[in-house]
Amino acid sequence: MFILKKPPKPHALGEPLLHENHKRPTTRREFMGAGLLSGPAMVLGPSWLGALLKAGTANAALSADIFSLGQVECGVRAGGAIPGQIPFIAIDLAGGANLVGSEVLVGQRGNGTTNPQLNFLSTAGFGKLGIPGNMVPTSSAFISTALGLAWHADGAILRGIMSKATTPATAAGTNGAVFCALSQNDTGNNPHNPIYGIAKAGATGQVLTLIGSQNSVSGGNSMSPANEIDATLQPTKIATAADAVGLAGSGATTVDPVATAVLESQTRISGGTTQGAVTGALSAPNVVLSADSAADATLKKAVRCAYVKTANAADSLTASQLDPTKDTNIIGGGTPIFTATDFQDNDVQKTAAVMKLVLGGFAGAGTITLGGYDYHDSTRATGETRNFKAGQMIGAILEYAQRVHSPVMIYVFSDGSLSSSSMLDTSTAGRNKLAWQGDNQSAASTFTLVYSPTGRPQLLSPAQQQIGYFSADGNVVSTSSPAANSVTQLAETAVLNYMALKGTSATFQTVFPKHGLGGAASQGALTAFAPIV
């Protein structure tokens, strides 16, 4: 007698994921991973000054001394993005998503000249990463290089990207790299998020330095490396278009010279306008913000620049400049990236707000956290559906970058990963792929995609499209790179590649003297890209 078991039921988008072998969620990060809590978009800036320095009305005129100070020390300019900047957006998939094998291809150790992504795993190794034997990418029919980076042709993230990156120039101007690296499962304790390092490497914006998607130190689900955290960059919440508009104060379009004059006076009184030196009240002997003299100077400069940037916001920003719903590239135009129906989704709203601020040059870098990626529910359909949505958010950012003629680096990570069972999910959404069975940190990796309006970013070598490598049976080889067994060094590797794109990687040692990536030769082996600016 045969006992027929009812197949597992997939979870819809937004439906919580609660597993028998997991403890009941109790922390904000655990709620995010289970999909029980949405991650509102956050903007990171000095929030301890934000309440005091809220911009009033827009379009007054900055005085010459304030504007000059802002240009020299604070990244303020007459309008638009700051020259030489590469906007950066991190995508934090909370819960432990599958990012490689079934998505970005990963391979064994290469020969030093060709792309190791194509030094294929065994059939069993691909099976562990969710690929059944009849879809193993040893056949060219299952390989896509549409985005430069080699991908499984039926990868859900890839399909999601291409559904939004519809202009041919977007894919043609994109390339990427994959970083083979272990990370812990189902925890926000992985210091994945490199956003503070990105800021230290020079990312800045007209109004804010960083943006994020949670009320946390990193602005995301995963932590940032402790040695990179800058206490002057704290979250300011942006969950909707209305919150983004709030950065321009009331959003009025009439001149209010009084609001700007007050902010300018605060700058002169607090820190003065002498370039290269904090003066005014902040220079008084009894005003000490830190016992460490270097930190004290940095904090005082941050205070002064906060005043300058707020005055500049009052002077130059209007609601429509910051509002994604007023941007016809994003919604409402002839060929918008998002439809009105799309915009009813919270993840779409925060993605639109974040990409509008970052790619518009108003913020230097940011994080978007998407929840509900702990999807090992013994189906494939749940994971395919959620990865497709993550791909749509990534594709929207790439497409918007192409439309506004801006470069962008997108870095995608998750807390751990998972492995598959031997059971096929034959449902329409399951796409005849292997079901996800349980957590598996040895199958984890991260990847980056870079768009340049001047053409596809070039690699230093095809061999460096994959940093580190897997064993034939589908496990990260923990000794394959300094980043492979250290999430802190993985985040440093992301920053190193950001600096490579800017042409400043030679200064990595100076900017990050306590890094763990080794000498110049070791850093070179961890660098995928040639400069794009």
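Preceding this paragraph is the structure being described.
Model, not experiment: these values are computed from the prediction.

**Student:** Explain the side chain of Asp323 to me, please; I cannot follow it from the model alone.
**Tutor:** Here Asp323 is to be found in the loop between α11 (319-322) and α12 (346-359). Buried Asp323, no salt bridge; nearest opposite-charge side chain is Lys326, N-O distance 4.9 Å. Within the local environment of Asp323, its side chain forms a polar contact with the side chain of Thr325, the two groups lying 2.7 Å apart. The contact partners of Asp323, leaving out residues within four places of it in the chain, are Ala241, Val245 and Lys356.

**Student:** How should the nonpolar core be read in this particular structure?
**Tutor:** One recurring pattern in soluble globular proteins: nonpolar side chains tend to sit buried together. Ile91, Trp151, Phe338, Met355, Ile394 and Phe447 are the most contacted members of the largest nonpolar core, which totals 73 residues. Excluding its chain neighbours within four sequence positions, the residues that come into contact with Phe338 are Lys164, Ile330, Ile331, Phe343, Val348, Thr351, Ala352, Met355, Met393 and Ala396. Of all hydrophobic cores here, the second largest spans 35 residues; its members include Phe179, Leu490, Met499 and Ala528.

**Student:** Help me understand unusual backbone geometry, please; the structure alone is not making it clear to me.
**Tutor:** Leaving glycine out, the prevailing phi sign among residues is negative, and the prevailing peptide bond configuration is trans. A positive phi angle is found at Ser378, which is not glycine, with a value near 65°. Note that Ser378 resides in the loop between β8 (365-370) and α13 (381-403). For Ser378, a relative accessible area of 33% gives the class partly exposed. With phi around 60°, Asn432 is a residue other than glycine that occupies positive phi space. Here Asn432 shows up in the loop between β10 (418-425) and β11 (433-439).

**Student:** Quick question: what am I supposed to make of empty space enclosed by the protein here?
**Tutor:** A probe matching the size of a water molecule, rolled over the atoms, marks out where space remains unfilled. Evaluation of the coordinates by the stated rule reveals 1 cavity of 30 Å³ or more. Considering only enclosed or pocket space, the largest cavity measures out at about 60 Å³ in volume. Gln85, Thr204, Val358, Gly361 and Ala363 are the residues nearest the centre of the largest cavity, which is lined by 11 residues in total. Classifying every residue of the lining of the largest cavity gives 6 nonpolar, 5 polar and no charged.

**Student:** What is the right way to look at the packing of aromatic side chains in this model?
**Tutor:** The geometry of an aromatic ring pair is captured by the separation of the ring centres together with the interplanar angle, meaning the angle of the planes. Counted according to the given criterion, the structure contains 8 aromatic pairs. Measuring from ring centre to ring centre gives 5.6 Å for Tyr411 and Phe413, while their planes differ by 45°; the resulting arrangement is tilted. In this structure, Tyr411 and Phe413 share a single accessibility class: buried. Aromatic pair Phe508 and Phe512: ring centres 5.1 Å apart, planes at 40°, arrangement tilted. Each member of the pair, Phe508 as well as Phe512, carries the same accessibility label: buried. Aromatic rings pair up to connect Phe179, Tyr411 and Phe413 into one cluster.

**Student:** What's the story with the pairing of strand β4 (residues 149-152) in this structure? I'm lost.
**Tutor:** Two faces make up the sheet, and in a regular strand the side chains alternate between them. Where burial is concerned, the two faces of β4 agree: the one with Leu149 and Trp151 and the one with Ala150 and His152 are both buried. As paired elements, strand β3 (residues 143-147) and β4 share 3 bridges and run antiparallel to each other. The residue bridging Ile143 from the neighbouring strand is His152, located in β4. Linking two consecutive strands that pair antiparallel, namely β3 and β4, is a turn of 1 residue; a positive phi of about 85° is found at Gly148 within it.

**Student:** Please explain the packing of helix α5 (residues 156-164) against α13 as it appears in this structure.
**Tutor:** In a packed pair of helices, the relevant descriptors are the angle between the two axes and the axis-to-axis distance. Running from N to C, α5 and α13 cross one another at 40°; their axes reach a closest spacing of 6 Å. In terms of orientation, α5 lies oblique with respect to α13. As for the relative orientation of α5 and α13, their crossing is right-handed in sense. Contact with α5, carried on its side by Ala156, Ile157, Arg159, Gly160, Ile161, Ser163 and Lys164, involves Glu384, Asn387, Phe388, Gly391, Gln392, Ile394, Gly395, Ala396, Leu398 and Glu399 of α13 and no other residues of that element. Residue composition of the contact of α5 with α13, by class: 7 nonpolar, 6 polar and 4 charged.

**Student:** Honestly, the environment of Met499 in this entry has me stumped. Any pointers?
**Tutor:** With respect to the helices and strands, the residue Met499 is situated in helix α14 (residues 487-502). Expressed as a C-alpha distance, the spacing of Met499 and Ile198, which sit 301 residues apart in the sequence, is 8.3 Å.

**Student:** Just checking my understanding: could you explain the packing of α12 against α13 for this structure?
**Tutor:** With their axes 10 Å apart at the nearest point, α12 and α13 run at an angle of 30° to one another. When the interaxial angle is binned, α12 and α13 end up roughly parallel. For the pair α12 and α13, the crossing hand works out as right-handed. The residues of α13 that touch α12, namely those facing Asp347, Val348, Thr351, Met355, Lys356 and Leu359, are Lys389, Met393, Ala396, Ile397, Tyr400 and Ala401.

**Student:** Honestly, α12 in this entry has me stumped. Any pointers?
**Tutor:** Two residues of an α-helix separated by three or four positions point the same way, owing to the 3.6 residues in each turn. Over its 14 residues, α12 extends 20 Å from the first C-alpha to the last, a length consistent with the 20 Å expected when each residue adds 1.5 Å. With 13 of 14 residues buried, α12 lies mostly within the body of the structure. Looking at where α12 begins, the residue whose side-chain oxygen comes 2.7 Å from the main-chain nitrogen of Asp347 is Asp345. One or two steps after α12, the chain reaches Gly361, where phi turns positive at roughly 85°.

**Student:** Where do I start with the pattern of salt bridges in this structure?
**Tutor:** Side-chain pairs of opposite charge can arise where the charged atoms are in close proximity. Summed over the entire model, instances satisfying the criterion amount to 12 salt bridges. Among the salt bridges present, the one from Arg380 reaches Glu384, with a minimum N-O distance of 3.1 Å. Using a relative accessible area of 5% as the deciding quantity, one classes Glu384 as buried. For Arg403, the salt bridge identified is with Glu399, shortest N-O distance 3.0 Å. Here Arg403 and its partner Glu399 are both found in helix α13, 4 residues apart, which amounts to about one turn of the helix.

**Student:** Before we go on, may I ask you to explain α5 in this structure?
**Tutor:** All of the buried residues in α5 are Ala156, Ile157, Leu158, Gly160, Ile161 and Lys164. The elements touched by buried residues of α5 are β3, β4, α13 and β12 (445-451).

So, how was this worked out
Residues numbered from 1 in each chain as written. Predicted model: local features only at pLDDT ≥ 70, side-chain atom pairs only at ≥ 80, totals over all residues. Heavy atoms only, no water. Helix = DSSP H or I, 4+ residues; strand = E, 2+ residues; numbered from the N terminus. Buried < 20%, exposed > 50% of the residue type's maximum accessible area, 1.4 Å probe, protein only. Lys, Arg positive; Asp, Glu negative; His and termini not counted. Salt bridge = Lys/Arg side-chain N within 4 Å of Asp/Glu carboxyl O. Polar contact = N/O pair within 3.5 Å; in protein donor to acceptor, adjacent residues only side chain to side chain. Contact = heavy atoms within 4.5 Å. Core = buried A, V, L, I, M, F, W, Y, C linked by side-chain atoms within 4.5 Å. 1 Å grid on protein atoms, 1.4 Å probe; cavity = no way out; pocket = protein on both sides within 12 Å on 5 of 7 lines; lining within 4 Å. Points joined across faces, edges and corners; volume = space filled by probe spheres on them. Nonpolar A, V, L, I, M, F, W, Y, C, P; charged D, E, K, R; others polar. Phe/Tyr/Trp six-rings, centres within 6.5 Å; stacked < 30°, edge-to-face > 60°. Pairing = 2+ DSSP bridges. Axes fitted to C-alpha atoms, helices over the stretch in contact; angles between N-to-C directions. Parallel < 35°, antiparallel > 145°, perpendicular 65-115°, else oblique. Left-handed = near helix turned anticlockwise from the far one by under 90°. Expected span 1.5 Å × (residues − 1).

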